[in-house]
Amino acid sequence: MICENFIEEIIEKELSEGKVSAVQTRFPPEPNGYLHIGHAKSLCLNFGVAKKFGGKCNLFFDDTNPSKEKTEYVDAIKEDIKWLGFEWAEIHYASDYFDVIYSLAEKLILDGKAFVCDLSGDEIRALRGTLTEPGKESPYRNRTVEENLKLFREMRDGKYADGEKVLRAKIDMKSPNINMRDPVIYRVLHAEHHRTGNKWCIYPMYDFAHPICDSMQKVTHSLCTLEFEDHRPLYNWTVENTGVEHKPRQIEFARLNVTNLVMSKRYLKKLVEESSVDGWSDPRMPTLTGLRNRGVPSDALKKFCDEIGVAKSNSEIEISYLEHFIRDNLNQNAERAMAVVEPLKVVIDNFDASEEVEVEINPNKPELGKRNVLFTKEIYIEQSDFSLNPPPKYFRLKPDGVVRLKGAYIVKYENAVLNDDGSVKEVHVSIVENSKSGNDTSGVKCKGTIHWVSAESFVPCEIRKYDYLLKDAEYQGQDFSERINENSRTIYQGVCEKYIDSVETGSCFQMLRTGYYKKMVDGEKIILSEIVSLKDSFKK
RNA sequence: UGGGGUGUCGCCAAGCGGUAAGGCACUGGAUUUUGAUUCCAGCAUUCGUAGGUUCGAAUCCUGCUACCCCAGCCA
C-alpha cells in the first residue's frame, strides 16, 4: 500500500506489526460554532485514513463545555459533513459518556491519583509555576481517599458553587511539561447542557474526557492538531491510569492556514454576532456553509485538502491553490450561461428579425447538448468589450474592427453614439454576411469573441461580487464591518440571458471571461455571487 | 534561561545514504467561437547554518540559528 503521508505510514507500520487490527478514527468538533475550511482538512484526513485502511470514522461531538455549545451547531456540523459527502460510521457525544468519565474519575480518586482541590483559579495559577520554574504542590494534595471521594460526590451533587472546588490529577508539579502539573480534570459548572440539561453540574475537562471517549469508541488513532502535542503525555497518562481497555494513540498534524482567510472561530463568531455578515452562511465567510453558498463544489474542496498534504510543519497555503481546484472543477462541470455585468447597448443595424442561436451548455461535456439563446437587433455586451481608443492587440470590439458574438455572428463596427459627457451610449454594428456560428463561410478573420445578452429577453439581476474576508483587517484592528462592506462586497446591476431561469438553483455557470458565478434565487431577483475570478487576462 | 515541535524553489510537498518528484504561482511559445480552457517548454548545482562521518549526505553525528506551541476551572 502506498502511503500518502506520515500518519498513514505510522498506521501501515502498526498494522503490519499487528499492533492494531482495524483502524478507527473520529472527527471530533466541539459544537461551539460552524465548521470552516480548516475543519475540512481534518474531515478529509480522518475519513480518508479510515477509508484507506478499510476502517471506520465516527462523528464525535466534544461537548464538555456546556457554556459554549448549542444544538444549532451540532445540526449545522452534521449538514456540512453531509455536504462534503462523508458518512460517519457512528455518532457519539462526549456527553454520552459522562457517567463513564465520572466513574473513572472516582477510580482515580480511589487509586490515590486524583484529589479535590479548594484553591481558587488564581491560586492554582500561582502555584503552577512558570515555563522555567517548577510548580508547588497544592496544600490539598494529600487529602485522604475518603475525603476526596466525599468531596467529589458533593461536587457532583451540587454542594459547591462554580470555581469553588476542582478535581485534579495527581501527577507531578515539577514536570517541565506544564500540562502534567496536577491538571484540573473536573470543574464545577452550573450550566445547562444542550443534551444532558441540568443532570450535571460538574463537567470533565478536555484532557480527561477526550482520551476516555476515544477509548470507549475503540478509536485506534486519535488525530489532532499540533497544539495538542504537549498534551499527549497527559492523554497517555489518562489512558494508562484510568485502566481503560482500549488504548488509542494520539497523532498530531499541522492545521490548515490559508493566506488571507480569517480562520479563528472566535472572530467569525464575532462577525456573525455583530451582524457584519449575513450569518455563518454569508458567502464571504470561510465556513463550509459559506463556501457552499459561494458556489464552491464540495469535490473541489476535498481535492484541495487531499493535495495540500499532511505534515507537521506550520504552513500557510496560498489561496490561489484553493482557487485552482475550484476553477478546475467548475471548468469541468459547470453549465455555462452568459451574463453581462456592466452592460453596453449594441444595435445591429442590418438585422431586424430575431432568431435563436445555439450555444454549448458545457464545452467539456458535449453530451449535455446545447441551449437556445435569443439573438435580437439590440443586445448588451460588456462595457469593457468595447474600446474607442483601443490599446495595441485589443481583439474585442473597436472602431473599424470585427468581433464574433459568441454562438452568433461576426459583427463589424459601424459607429458609436456618445452621451453628453463623452461616454459611450451605444454602439452600432452590422452583421458580416455568412458568418453565422457553425456555418461561417464569410472568410472573415476575427480574433476576438465576446459574450452578449439580448436586450429583449434578458433577465435583470443583482450581481454581487464577493471577496474573501481580509485577514489583515483582523490584525490591524480596523472597524470590521465598515471594511467588509467597503471591500468585500460589490453590487452590480447586470443582465443575464433568460436561459438562466431554467438553470437549477445551485448549479454553477460561467460569467464569461470574468469568473464563475453561482445563481441564487432571492425573491424575484437573481443574485450572482462571484465564486472566484478567472485569471485576469487583461491585467497587462 | 524550562518543555514540546518544525526548518527542501514565492506557496504547499516528495525524498528515509547513491547524487533534488509533483502541484500552485510565475515566464516563454502553439492551438482556441470569449486573451479562458487545452497543449508544449522553462523555473532549487541545492535542501536553515557551521563542522564531522563516508567513496558518496537533503538524508547519519555534533554545535549553532530561525520560527511555532505550552503557564484556561477552553477545546
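Worth saying up front: this structure is predicted, and the values here are computed from it rather than measured.

Q: What am I meant to see in the overall build of chain A here?
A: Within chain A one finds 14 helices and 24 strands. Counting every position in chain A, which comprises 540 residues, the buried fraction comes to 52%. Long-range contacts, defined as pairs at least 24 residues apart, comprise 70% of the intrachain contacts of chain A with a sequence gap of at least 6. With an accessible surface of roughly 24,700 Å², chain A has 46% of that area assigned to carbon and sulfur atoms.

Q: Please explain unusual backbone geometry as it appears in this structure.
A: Peptide bonds are trans in most cases, and residues, glycine excluded, mostly fall at negative phi. The phi torsion at D182 lies on the positive side, around 45°, for a residue other than glycine. Residue placement: D182 occurs in the loop between β5 (166–169) and β6 (184–188). According to the relative accessible area criterion, D182 is buried, its value standing at 1%. Unusually for a residue other than glycine, K218 sits at a positive phi of about 60°. Relative to the helices and strands, K218 resides in the loop between α7 (206–216) and β8 (221–225).

Q: What exactly am I supposed to notice about the sheet that holds strand β3 (residues 91–93) here?
A: Where strands meet in a sheet, backbone hydrogen bonds hold them as pairs that are either parallel or antiparallel. The three strands lie next to each other as β1-β2-β3, forming an open sheet whose pairing is parallel. If you trace the sheet from one side to the other, it starts and ends with β1 (24–27) and β3, each paired once. Averaged over neighbouring strand pairs, the angle between their axes works out to 35° when direction is ignored. Where strand β2 (residues 56–61) and β3 come together, three bridges link them in parallel fashion.

Q: Help me understand the pairing of strand β13 (residues 370–375) in this model?
A: In summary, the side chains of a regular strand alternate between the two faces of the sheet. Here β13 shows one buried face, formed by R371, V373 and F375, and one open face, formed by K370, N372 and L374. Bridging between strand β12 (residues 355–360) and β13 involves six bridges; their strand directions are antiparallel. Bridging across to β13, V359 finds its partner in R371.

Q: Can you walk me through the side chain of R284 in this structure?
A: Tracing the backbone through its elements, the reader meets R284 in the loop between α9 (265–273) and α10 (288–294). Within the local environment of R284, its side chain forms a polar contact with the side chain of D282, the two groups lying 2.6 Å apart.

Q: Mind showing me how you'd approach the sheet that holds β6 here?
A: Taken in spatial order, the four strands make up an open sheet running β4-β5-β6-β7, and their pairing is antiparallel. With one partner strand each, in any of the chains shown, β4 (114–117) and β7 (202–204) form the two edges of the open sheet. Across the sheet, the axes of successive neighbouring strands diverge by a mean angle of 20°, strand direction being ignored. Bridging between β5 and β6 involves three bridges; their strand directions are antiparallel. In the strand pairing of β6, R168 is matched with V184. Of the strands in this sheet, β4, β5, β6 and β7 touch helix α4 (residues 98–110), which is tilted by about 115° from β6.

Q: Help me understand the packing of α4 against helix α8 (residues 232–242) in this model?
A: The relative placement of two packed helices is expressed as an angle between their axes plus a distance between the axes. At a minimum axis separation of 10 Å, α4 and α8 run at an interaxial angle of 80°. The orientation of α4 relative to α8 falls into the category roughly perpendicular. Across the interface between the two elements, L104, K107 and L108 of α4 pack against W237, N241 and T242 of α8. When its residues are assigned to classes, the contact of α4 with α8 shows three nonpolar, two polar and one charged.

Q: Explanation requested: the domain arrangement of chain A in the structure shown.
A: Bring the parts together and some accessible area is lost; that lost area is often taken as the interface size. For chain A, the assigned domains read domain 1 (21–253) and domain 2 (339–451). Measuring from the centre of the C-alpha atoms in domain 1 to the corresponding centre in domain 2 gives 64 Å.

Q: Would you mind going over the packing of aromatic side chains with me for this structure?
A: Any aromatic ring pair is given by two values, namely how distant the centres are and how the planes are angled relative to each other. What the rule picks out here adds up to 20 aromatic pairs. Judged by centre distance (6.2 Å) and plane angle (75°), the ring pair of F304 and Y321 falls under edge-to-face. A residue pair is termed long-range when its members are at least 10 positions apart, and F304 in helix α11 (residues 298–308) and Y321 in helix α12 (residues 319–333) qualify at 17 residues. For F304, a relative accessible area of 0% puts it in the buried group. Relative accessible area serves as the criterion here: at 34%, Y321 is assigned to the partly exposed category. Measuring from centroid to centroid gives 6.0 Å for F386 and Y413, while their planes differ by 10°, and the two rings are stacked. In this pair, F386 sits in the loop between β14 (378–382) and β15 (402–405) while Y413 sits in strand β16 (residues 410–418), placing the two residues 27 residues apart along the sequence. A relative accessible area of 10% means that Y413 is categorised as buried. In textbook terms, an aromatic cluster arises when at least three aromatic residues are bridged by ring pairs, as seen for F98, Y102, F152, Y186, W200, Y203 and F208. When the ring centre of Y93 is taken as reference, the NZ or CZ atom of R195 above it lies at 3.4 Å.

Q: Sorry, what's going on with helix α3 (residues 71–84) here?
A: Given 3.6 residues per turn, any residue in an α-helix points the same way as the ones three and four places further on. When the terminal C-alpha atoms of α3 are compared, their 20 Å separation across 14 residues agrees well with the 20 Å that a helix rising 1.5 Å per residue should span. Of the residues making up α3, those classed as buried are Y73, V74, A76, I77, D80, I81, W83 and L84. Note on α3: the residue one or two positions beyond its end, G85, has a positive phi of about 90°.

Q: How do you make sense of the layout of surface pockets when you look at a structure like this?
A: Where empty space is left becomes clear once a probe the size of a water molecule has been rolled over the atoms. Estimates place the volume of the largest pocket at around 1,400 Å³. Along the walls of the largest pocket sit 49 residues, with E30, D62, Y206, E227 and F228 positioned nearest its centre. Within the lining of the largest pocket, the residues separate by chemical class into 20 nonpolar, 16 polar and 13 charged.

Cut-offs applied
Residues numbered from 1 in each chain as written. Chains lettered and ligands numbered in written order. Predicted model: local features only at pLDDT ≥ 70, side-chain atom pairs only at ≥ 80, totals over all residues. Heavy atoms only, no water. Helix = DSSP H or I, 4+ residues; strand = E, 2+ residues; numbered from the N terminus. Buried < 20%, exposed > 50% of the residue type's maximum accessible area, 1.4 Å probe, protein only. Contact = heavy atoms within 4.5 Å. Areas by Shrake-Rupley, 256 points an atom, 1.4 Å probe, with all protein chains shown as cover. Pairing = 2+ DSSP bridges. Axes fitted to C-alpha atoms, helices over the stretch in contact; angles between N-to-C directions. Polar contact = N/O pair within 3.5 Å; in protein donor to acceptor, adjacent residues only side chain to side chain. Parallel < 35°, antiparallel > 145°, perpendicular 65-115°, else oblique. Nonpolar A, V, L, I, M, F, W, Y, C, P; charged D, E, K, R; others polar. Domains from an automatic or database assignment. Phe/Tyr/Trp six-rings, centres within 6.5 Å; stacked < 30°, edge-to-face > 60°. Lys NZ or Arg CZ within 6 Å of the ring centre and 35° of its normal. Expected span 1.5 Å × (residues − 1). 1 Å grid on protein atoms, 1.4 Å probe; cavity = no way out; pocket = protein on both sides within 12 Å on 5 of 7 lines; lining within 4 Å. Points joined across faces, edges and corners; volume = space filled by probe spheres on them.

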